[in-house]
Amino acid sequence: MRKPIIAGNWKMYKTLKDGQELAVALRRELYKIENVDIVVCPPYTLLVTLADALEASNIAVGGQDLYWQDEGAFTGEVSPLMLKDAGCRYVIIGHSERRQFFGETNETVNNKIKASLKHGLTPIICVGENRQERESSNTFKVIESHIKGGLADISAEDILKTVIAYEPVWAIGTGLTATPEQAQEVHKFTRDLLKKMYQEEISSQIRIQYGGSVKPENITELMSKPDVDGALVGGASLKADTFTQIVVKASEVIK
Ligand code: 13P
């Protein structure tokens, strides 16, 4: 059985005080949850404070991106070493907003995955098609390119240390959620692809999250699908109430 994983991507939201309050509330509300891995990914400026606020709790902290060098003259960038040092256990890689606005490519995603694994960070690797790609029936082609390009030269041993997040771009921040059937279809396609690249024994262990307008109202149905192993939550992770409900509902889904 794959343990579900629910991660909150806070994107570029929250000042220190607000972020700290949210973390404290989540810790208080979610301390009993044992059957779901819980992660929050705040902006860089909040990482150390949150790692402190969530120390020895069941909520892990992750970064939203990294650069693949350990250190150097790379103004504005943050290294895997620095994320580890700040208390991170996870890092989001290849989010569609990075691909769309900041020139992220499959090649940079691949470099970043390798760097995170080298430093013991669990990469949450984002893949997903945009609206035009879906409408022109290219969804599977895009997923295949993101998976094959992003995971080039990643060993079977290392792939087991990653999490994949399927985030259809047209469902992000739009209120348009993929139907559970649409999510399942792409998750199954992704798992089958991983089976071809690795082996069934490996692919059956890899967790695939769904992301895109996940809310307390739709998490149960999404999570009920056989290949949906959790969620990467944007907007609804910014409030203690909605993120708590999502985690609690995910913990109640029995497959
Ligand atoms: P929303 O949940 O706000 O649609 O964002 C999804 C997302 O991009 C998570 O990484």
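All residue numbers here refer to positions counted from 1 along the written sequence of the relevant chain. Thresholds applied to this predicted model are a pLDDT of at least 70 for local features of residues and 80 or more for the giving and counting of side-chain atom pairs; totals over whole chains, interfaces and linings are not thresholded and use all residues. Calculation of side-chain values draws on the structure's entire complement of heavy atoms; hydrogens and water are dropped beforehand.

(A) Region of interest: the packing of helix 1 (residues 16–30) against helix 12 (residues 240–252). Axis lines are fitted through C-alpha atoms, for helices just across the contact stretch, and the angle between N-to-C directions can take any value from 0 to 180 degrees. By definition, any uninterrupted DSSP run of H or I lasting at least four residues is a helix, any uninterrupted run of E lasting at least two residues is a strand, and each is numbered from the N terminus. Orientation of helix 1 relative to helix 12, taken along the N-to-C sense of each, is 35 degrees, at an axis distance of 10 Å. Note on packing geometry: the crossing formed by helix 1 with helix 12 is right-handed. In this structure, helix 1 contributes Leu22, Ala25, Leu26, Glu29 and Leu30 to the contact, and helix 12 contributes Ala240, Phe243, Thr244, Val247 and Val248. Lys, Arg, Asp and Glu make up the charged group, whereas Ala, Val, Leu, Ile, Met, Phe, Trp, Tyr, Cys and Pro make up the nonpolar group; the residues left over, Gly among them, are polar. Here the contact of helix 1 with helix 12 is composed, by residue class, of eight nonpolar, one polar and one charged. Handedness of a helix crossing follows the sense of rotation of the near helix relative to the far helix, less than a right angle counterclockwise being left-handed and clockwise being right-handed. Contacts are assigned to residue pairs that have any heavy atoms within 4.5 Å of one another.

(B) View of the site of the ligand. What makes a residue near a molecule or strand is one non-hydrogen atom of that residue sitting within 4 Å of it. Around the ligand, the neighbouring residues are Asn9, Lys11, His95, Glu167, Ala171, Ile172, Gly173, Gly212, Ser213, Leu232, Gly234 and Gly235. Between N or O atoms, a polar contact is any pair within 3.5 Å; within protein, one atom must be a potential hydrogen donor and the other a potential acceptor, and residues adjacent in sequence are included only when both atoms are from side chains. One of the side-chain N or O atoms of lysine 11 is found 2.8 Å from an oxygen atom in the ligand. In this structure, glycine 173 approaches the ligand through a main-chain N or O atom, which is 2.6 Å from an oxygen atom. Note on areas: Shrake-Rupley with a 1.4 Å probe; residue coverage comes only from the protein chains shown. Across the complex, the protein chains shield 95% of the 310 Å² of accessible surface that the ligand would expose by itself. Its residues assigned to classes, the shell around the ligand comprises three nonpolar, seven polar and two charged.

(C) View of the nonpolar core. Residues Ile6, Val40, Leu151 and Tyr210 are the most contacted members of the largest nonpolar core, which totals 66 residues. Among the nonpolar cores identified, the runner-up in size contains 12 residues, and Ile5, Ala7, Ile92 and Leu232 belong to it. In this description, a nonpolar core means a group of buried Ala, Val, Leu, Ile, Met, Phe, Trp, Tyr and Cys residues linked to one another through side-chain atoms lying within 4.5 Å. When accessible area is computed with a 1.4 Å probe and restricted to protein chains, residues below 20% of their type maximum are described as buried, those above 50% as exposed, and intermediate ones as partly exposed.

(D) Region of interest: the environment of lysine 148. Inspection of the secondary structure assignment puts lysine 148 in helix 7 (residues 139–150). With relative accessibility at 42%, the residue lysine 148 sits in the partly exposed group. The sequence separation of lysine 148 and lysine 114 amounts to 34 residues, and the corresponding C-alpha distance is 14 Å. What lysine 148 contacts, discounting residues up to four positions off in sequence, is Leu193 and Met197. Engagement of the side chain of lysine 148 in a polar contact is seen with the side chain of glutamate 144, the distance being 2.8 Å.

(E) Inspection of the sheet that holds strand 1 (residues 5–9) at higher detail. Being paired, for any two strands, means DSSP has found at least two bridges between them. Strand order in the closed barrel formed by eight strands is 1-2-3-4-5-6-7-8, with parallel pairing between adjacent strands. Each neighbouring strand pair of the sheet contributes to a mean axis angle of 25 degrees, computed without reference to strand direction. Sheet topology places strand 1 next to strand 2 (residues 37–41); five bridges connect them, and they run parallel. Residue pairing for strand 2: alanine 7 is matched across the bridge by valine 39.

(F) Region of the structure containing empty space enclosed by the protein. Residues are said to line a cavity or pocket when one of their atoms sits within 4 Å of a point; the points come from a 1 Å grid over protein atoms alone, cavities being sets where a 1.4 Å probe fits but cannot get out and pockets being open sets with protein on both sides within 12 Å along at least five of seven lines. Grid points are joined across faces, edges and corners, and a volume is the space filled by probe spheres set on the points. Applying the stated criterion across every chain yields a total of one cavity of 30 Å³ or more. A volume near 40 Å³ is recorded for the largest cavity. Around the largest cavity, the lining residues are Gly94, His95, Ser96, Arg99, Cys126, Val127, Gly128, His146, Glu167 and Val169. Split into classes, the residues belonging to the lining of the largest cavity amount to three nonpolar, five polar and two charged.

The values are spatial; any link to function lies outside them.
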